[in-house]
Amino acid sequence: MTSSADATDAPSHSHSHSHSHSHSSRSSHSSASDHRDVRAELESLTTEAFRPELSEIDQLPTLDIAKLMNGEDATVPGAVAAQLPGIAAAIDAIAERMGRGGRLVYAGAGTAGRLGVLDASECPPTFNTDPSEVVGLVAGGPAAMTTSIEGAEDSAELAVEDLSALDLTADDVVVGVSASGRTPYAIGAVEHARALGALTVGLSCNADSALAAAADHGIEVVVGPELLTGSTRLKAGTAQKLVLNMLSTITMIRLGKTYGNLMVDVRASNEKLRARSRRIVSLATGASDEEIEAALAATDGEVKNAILTILGNVDGPTATRLLEESNGHLRAALAAALH
């Protein structure tokens, strides 16, 4: 983040619904006092704190810098561990919404936004979800995935526009992601979603953040000051990646997209996936290669259906019907087949 991009960032001292009005109300301030306000605020954020003991890091041998950095990284899972009860509560609430047809939408700027897009983009190949089911919004749009879009993070209105384009409903979930917990785009997304009755989650890396306060579920993974002052793509980004992995993966487990720890909701669409599909059916059933090939042929390559035909001793159409009746939960469909 550059100081110029931060200069119009919304204040974090309150979680009232004033963020979207911050631009107009602040435009009358002198730019010098504006910069002072923001500077004072940045200095109060853990993610922006300066570490004097690392001020000569550039003088160290490369291996020593790598060891320091690795030591910092090793602290991140512990910070995530401290928030697991809150993460689990958020996941159960997300799964409940998605179970009734809602979508999971991530919204953030910069690294936080890109990580949301990354997580969303990996759900279709992993869980056979439709691309519309898990969506990543990054401030500034698709171009911001590869280019820093200055100022986009400062606009709560931009978040409202992006969410409006999705026709958000009360069944949906919006997860605002921001290392500082003060980014107007993320806070604006959460506030707009909450006003519509959607479920909201605020993922931040500072305690007592405006983002967590604005959301139904606040998750604050406090990783401490970065090796490079204010470079929140480091520990904060790692923490966000770990939590987003949990939100999507465990939600999909709750929704029946897996069978044990196997990715059974996968369609064999290329040679690598076909090989993986055969292996998953083998691990789940212990069947011979011939049985597996026949089952996949009878179920149009759908792994979950193929497993059900083998373990439940039913044909392809019956497997499809049983899975529809169980909302895609293989264990429940299998129990029905064996009764």
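Quick caveat, the model's predicted, so the values are computed rather than measured.

Engineer: Help me understand the sheet that holds strand β5 (residues 217-220), please; the structure alone is not making it clear to me.
Structural biologist: Within a beta sheet, neighbouring strands are joined by backbone hydrogen bonds and run either parallel or antiparallel to one another. Strand order in the open sheet made by the five strands is β2-β1-β3-β4-β5, with parallel pairing throughout. Looking at strand neighbours, the two that pair on one side only are β2 (134-138) and β5, the edges of this open sheet. The average angle at which neighbouring strand axes cross in this sheet is 15°, direction not considered. Of the pairings in the sheet, the one linking strand β1 (residues 104-108) to strand β3 (residues 173-178) comprises five bridges and is parallel in character.

Engineer: For this particular structure, what's the right way to read the pattern of salt bridges?
Structural biologist: Opposite charge on two side chains permits them to pair, given that their charged atoms come into close proximity. Under the definition given, this model contains 13 salt bridges. The shortest N-O distance in the salt bridge between Arg51 and Glu53 comes to 3.1 Å. Overall, the relative accessible area of 56% leaves Glu53 in the exposed class. For Arg194, the salt bridge identified is with Asp216, shortest N-O distance 3.1 Å. Of this pair, Arg194 sits in helix α9 (residues 184-195) while Asp216 sits in the loop between α10 (210-214) and β5, and the two are 22 residues apart along the sequence. Residue class for Asp216 comes out partly exposed when judged on its relative accessible area of 36%.

Engineer: Explanation requested: empty space enclosed by the protein in the structure shown.
Structural biologist: Which parts of space are left empty comes out when a probe the size of a water molecule is rolled across the atoms. Inspection of every chain in the model, using the stated rule, returns one cavity of 30 Å³ or more. Considered as a void within the structure, the largest cavity measures approximately 40 Å³ in volume. Along the walls of the largest cavity sit Met69, Glu72, Asp73, Glu226, Leu227, Leu234 and Lys235, which together make up its complete lining. Of all the elements, helix α4 (residues 62-73) adds the most residues to the lining of the largest cavity, at three residues.

Engineer: What is the right way to look at the pairing of β1 in this model?
Structural biologist: Each regular strand carries side chains that alternate between the two faces of the sheet. Most of β1 sits inside the fold, with five of its five residues counted as buried. Judged by which residues are buried, β1 turns out to be covered on both faces: Leu104, Tyr106 and Gly108 on one side and Val105 and Ala107 on the other are all buried. Bridge count between β1 and β2: five bridges; the pairing is parallel. Among the inter-strand pairings, Leu104 is bridged to a residue of β2, identified as Val134. As for the winding sense of the linkage, the β-α-β connection from β1 through helix α7 (residues 110-127) to β2 is right-handed.

Engineer: Which parts of the structure should I look at to understand unusual backbone geometry?
Structural biologist: Leaving glycine aside, a negative phi is the common case for residues, and trans is the common case for peptide bonds. The backbone of Asp167 shows a phi angle near 50°, a positive value even though the residue is not glycine. Positionally, Asp167 belongs in the loop between α8 (156-164) and β3. Judged by relative accessible area, which is 60%, Asp167 ranks as exposed. Positive phi, normally seen in glycine, also occurs at Asp300, with a value near 55°. Inspection of the secondary structure assignment puts Asp300 in the loop between α13 (289-298) and α14 (303-311). Taking the relative accessible area as the measure of exposure, Asp300 reaches 65% and is therefore exposed.

Engineer: Looking at this structure, I do not really get the nonpolar core. What am I missing?
Structural biologist: The nonpolar side chains of a soluble globular protein tend to be buried, and buried together. In terms of nonpolar packing, the biggest core is built from 35 residues, with Val221 and Leu247 touching the most fellow members. The set of elements that each furnish at least two residues to this core consists of α5 (76-81), α6 (84-99), β1, α7, β3, β4 (199-204) and α11 (235-254). Non-local contacts of Val221, meaning those with residues more than four positions away in its chain, are made with Ala79, Val80, Gln83, Leu203, Ser204, Cys205, Ala239 and Val243. One finds Ile280, Ala284, Leu330 and Ala333 within the second-largest nonpolar core, a separate group that totals 24 residues.

Engineer: Help me out: how do you make sense of the pairing of β4 in this one?
Structural biologist: Among the six residues of β4, six are classified as buried, and the element is accordingly described as predominantly covered. Burial of β4 is two-sided: the residues Leu199, Val201 and Leu203 facing one way and the residues Thr200, Gly202 and Ser204 facing the other way are all buried. Handedness of the β-α-β unit built from β3, α9 and β4 comes out right-handed. The sheet contact formed by β4 and β5 spans four bridges and is parallel. Paired with Leu203 across the bridge in β5 is Ile219.

About the criteria used
Residues numbered from 1 in each chain as written. Predicted model: local features only at pLDDT ≥ 70, side-chain atom pairs only at ≥ 80, totals over all residues. Heavy atoms only, no water. Pairing = 2+ DSSP bridges. Helix = DSSP H or I, 4+ residues; strand = E, 2+ residues; numbered from the N terminus. Axes fitted to C-alpha atoms, helices over the stretch in contact; angles between N-to-C directions. Salt bridge = Lys/Arg side-chain N within 4 Å of Asp/Glu carboxyl O. Buried < 20%, exposed > 50% of the residue type's maximum accessible area, 1.4 Å probe, protein only. 1 Å grid on protein atoms, 1.4 Å probe; cavity = no way out; pocket = protein on both sides within 12 Å on 5 of 7 lines; lining within 4 Å. Points joined across faces, edges and corners; volume = space filled by probe spheres on them. Right-handed = clockwise from strand over helix to strand, strands pointing away. Core = buried A, V, L, I, M, F, W, Y, C linked by side-chain atoms within 4.5 Å. Contact = heavy atoms within 4.5 Å.

So far we have only geometry, and geometry alone does not tell us how the molecule works.
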